[in-house]
Amino acid sequence: MKMRFFSLIFVFVLFTNQDIHAHGPSRQKVVQKIELNASPEEVWKIISDFTKFNFNKDVISVSSSGKEIGSKRELTFSNKKKISHSLEKFDETKRKITWRIIETDNDILPVNSYSAMLMVTEKKGEKNKSVLMYKAAFYRGFMGNDPPENLNDENSKKKVITFVKKNISGIKSIVEK
């Protein structure tokens, strides 16, 4: 009888305790594509230079240790806050570049383990048009359970979408002058 009672209590606690079911954040993804009235070579020239980030108007300065895999880049924004990147992959043939955020300010991008991949391809059948794909993958700014509102999944994703759209818009305005 006692064993049955304790088994019943255990099952009740197991299925009603929310902390047991809670887990950390899920990886979020943002993917944006845009057609550009510029050749893939023109677009690649802009996005492949790890020493620059002139396609985001909020970035007022860039310092970089180089253009090789492992190079570091620091972006300073108009509000004087900073984000640091590390160049992870660079493929000239595929026109694909990948970087990772190694340090961020949660007011700009409330994220953890953020990586971005930009790739430009020729629009099928049109030599002077291209398609730019920008993929970002990340975890929210707060890695534990019950994040504050400014570091939750929804706010983190919203800020990343805004950041990615500003970057794409800036690239478009540069190459389509």
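It should be noted that the structure appears before, not after, this text.
Residues numbered from 1 in each chain as written. Predicted model: local features only at pLDDT ≥ 70, side-chain atom pairs only at ≥ 80, totals over all residues. Heavy atoms only, no water.

### Remarks on the packing of aromatic side chains
Short version of the rule: Centres within 6.5 Å make a pair out of two Phe, Tyr or Trp rings, where for Trp the six-membered ring is used; the pair is then stacked when the planes are under 30 degrees apart, edge-to-face when over 60, and tilted otherwise. Secondary structure follows DSSP: runs of H or I at least 4 residues long count as helices, runs of E at least 2 residues long count as strands, and numbering of each begins at the N terminus. Whether a residue is buried, partly exposed or exposed follows from its accessible area with a 1.4 Å probe, protein chains only, as a fraction of its type maximum: under 20%, in between, or over 50%, in that order. Think of it as a cone above the ring: NZ of Lys or CZ of Arg counts as a charge over the ring if it is within 6 Å of the ring centre and within 35 degrees of the ring normal.
Counted according to the given criterion, the structure contains seven aromatic pairs. Judged by centre distance (5.3 Å) and plane angle (45 degrees), the ring pair of Trp-44 and Phe-90 falls under tilted. Here Phe-90 lies in strand S4 (residues 82-91) and Trp-44 lies in helix H3 (residues 40-47), a separation of 46 residues in the sequence. Judged by its relative accessible area of 32%, Phe-90 is partly exposed. Between Phe-53 and Phe-55, the ring centres sit 4.5 Å apart and the planes meet at 40 degrees, which makes this aromatic pair tilted. In this structure, Phe-53 and Phe-55 share a single accessibility class: buried. Through pairs of rings, three or more aromatic residues link up here, namely Phe-53, Phe-55, Phe-77, Trp-99, Tyr-134 and Phe-163. Its guanidinium or amino end placed over the ring of Trp-99, Arg-73 lies 4.6 Å from that ring's centre, counting from NZ or CZ.

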